[in-house]
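Inside the fold
Below, each chain spelled out in residue letters.
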Amino acid sequence: MKFRFKIALFAVNVIMCVLIILSTVFFMNGWSVPVKIICYSIAGVGLIFGTVTFALKKDALFKSGFVLVCCAFAVTASIALVSRFANLNDYKTDEEKIQKLAELIKNTGGWGMVMYVIFQILQVVILPVPAAVCYIPGSLIWGPLTATFLASLGVIMGSVTAYAIGRFFGKRVVVWIAGEKSVEKYSKVIGKKGKVIFLLMQILPFFPDDILCMIAGMASMNFLFFLITLIVVRPLVIAAYCYLGSGTVIPFSGWGIPVWIAIFAVCVVLVLLSLKYQDRFENWLVSKFRKNKEEKQEEKGEDN
């Protein structure tokens, strides 16, 4: 990444974080204190993370943080503007505001659904947004079944787009997007003979789905297998988020409260373990399949 371009991104990152704070102060006065604290925290973390990664020249982390700040800014600014001009601040509780916001989106008809699908496409190709942020809002607006269908459609279209990028633009573009280290690591096990590990990586949460799809295209993986894998696996994962996040399976009241507290605690532990051991797990799994692949090739060579 050129230094001037990096400086420009850093400046934009700071401006967006400041705008998140200002929009929260001036346009979201009717929201509860916890919601405001979340907005301020996002801006603060964005500033600190951007500054640290910029200073330490961690380009990959800096770019990822910048994209996340862009997403946070877009969401916060949209809610702030709607709160001001659609009078959401007149409603007493956050729940009433969210219901009104969902109603406004529903009233857009098919346009709201189209934008939701487009967002899913973008989050696969260029936006590293957490899955919960992508899927759960749709389930709250249209219900879990419709949201699962729309999100699955967008994710599959985005994954096919990522596959096409790898297939038609080649390694140079994939390396520019994903980084040389990731491309080298995954390209050694994904391809015509890496179907099993590709399927496993699509199920497990440790692996970058967008990068894997690009590398699958770059490695000329059979497209029919690639598409069937997506159609079978992705909707199941998305449905789990949509149904759980909508409160359909586990309610947000009564007996569901302690269950959600337990789920949240488990998720926190898993996230911490993932951050600490993700590289080890990835390297172990990749090396395991690479070893099996090499052994099979050696056996095939001996038979010949």
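The rules we used
- Going along each chain's sequence as written, the residues are numbered from 1 onward.
- Selection of residues for local features in this predicted model requires a pLDDT of at least 70, selection of side-chain atom pairs for listing and counting requires 80 or more, and totals for whole chains, interfaces and linings are taken over all residues.
- Here the side-chain values reflect all heavy atoms present in the structure, with hydrogen atoms and water set aside.
- A run of DSSP states H or I qualifies as a helix once it reaches four residues; a run of E qualifies as a strand once it reaches two. Both are numbered from the N-terminal end.
- Note on classification: 1.4 Å probe, protein chains only; a residue is buried when its accessible area is under 20% of the maximum for its type, exposed when over 50%, partly exposed between these limits.
- We call two residues contacting when some pair of their heavy atoms lies within 4.5 Å.
- Each accessible area value is a Shrake-Rupley result obtained with a 1.4 Å probe; residue values ignore everything except the protein chains displayed when judging cover.
- For patch building, the residue pool is restricted to those with more than 30% relative accessible area and no salt bridge; the joining distance is 9 Å between like charges and 5 Å between nonpolar side chains (Val, Leu, Ile, Met, Phe, Trp, Tyr).
- By definition, a salt bridge exists where a carboxyl oxygen of Asp or Glu is found within 4 Å of a side-chain nitrogen of Lys or Arg.
- Angles run from 0 to 180 degrees between N-to-C directions of axes, and those axes are lines fitted to C-alpha atoms, restricted for helices to the stretch in contact.
- For classification purposes, angles smaller than 35 degrees are called roughly parallel, those larger than 145 roughly antiparallel, those between 65 and 115 roughly perpendicular, and all remaining angles oblique.
- Any residue that is not Ala, Val, Leu, Ile, Met, Phe, Trp, Tyr, Cys, Pro, Asp, Glu, Lys or Arg is counted as polar, Gly included; the first ten are nonpolar and the last four charged.
- Centres within 6.5 Å are what make two rings of Phe, Tyr or Trp a pair, Trp counting through its six-membered ring; a difference in plane orientation under 30 degrees is then read as stacked, over 60 as edge-to-face, and the rest as tilted.
- Each nonpolar core is a collection of buried residues, namely Ala, Val, Leu, Ile, Met, Phe, Trp, Tyr and Cys, held together in the definition by side-chain atoms within 4.5 Å.

**Quick look at the overall build of the chain**
Regarding its fold elements, the chain presents twelve helices and zero strands. Mapped in sequence order, the helices and strands of the chain form the string α-α-α-α-α-α-α-α-α-α-α-α. Out of the 304 residues belonging to the chain, those deemed buried represent 35%. Nonlocal contacts in the chain, meaning residues at least 24 apart in sequence, comprise 72% of its contacts between residues at least 6 apart. Per element, the accessible surface of the chain, about 17900 Å² overall, is 70% carbon and sulfur.

**Observations regarding a nonpolar patch on the surface**
A cluster of nonpolar side chains, Ile-15, Val-18, Leu-19, Leu-22, Val-25, Phe-26 and Tyr-40, forms an exposed patch at the surface whose accessible area comes to about 600 Å². Of all the elements, helix α1 (residues 3-27) adds the most residues to the nonpolar patch, at six residues. Residue position: Tyr-40 is located in helix α2 (residues 33-55). By relative accessible area, Tyr-40 is classed as partly exposed at 33%.

**Quick word on the packing of helix α7 (residues 144-178) against helix α10 (residues 209-218)**
One way to put it is that α7 packs onto α10 with a least axis distance of 6 Å and a crossing angle of 90°. The angle between α7 and α10 places the two elements in the roughly perpendicular class. The residues of α10 that touch α7, namely those facing Ser-159, Ala-162, Tyr-163, Ile-165, Gly-166, Arg-167, Gly-170, Lys-171, Val-174, Ile-177 and Ala-178, are Asp-210, Ile-211, Cys-213, Met-214, Ile-215, Ala-216, Gly-217 and Met-218. Tallied by class, residues from the contact of α7 with α10 come to twelve nonpolar, four polar and three charged.

**A short note on the packing of aromatic side chains**
This structure, assessed with the given rule, holds seven aromatic pairs. Judged by centre distance (4.6 Å) and plane angle (20°), the ring pair of Phe-10 and Phe-54 falls under stacked. You can see Phe-10 sitting in helix α1 and its partner Phe-54 sitting in helix α2, a full 44 residues away along the chain. For Phe-54, a relative accessible area of 17% puts it in the buried group. What links up through ring pairs into an aromatic cluster is the set Phe-10, Phe-54 and Phe-62.

**Regarding the nonpolar core**
Of all hydrophobic cores here, the largest spans 23 residues; its most connected members are Tyr-186, Ile-190, Phe-198, Met-201, Leu-212, Ala-216 and Phe-226. Contributions of two or more residues to this core are made by α7, α8 (180-187), α9 (195-203), α10 and α11 (223-245). Listed in part, the 15 residues of the second largest apolar core include Val-117, Val-124, Ala-147 and Ala-151.

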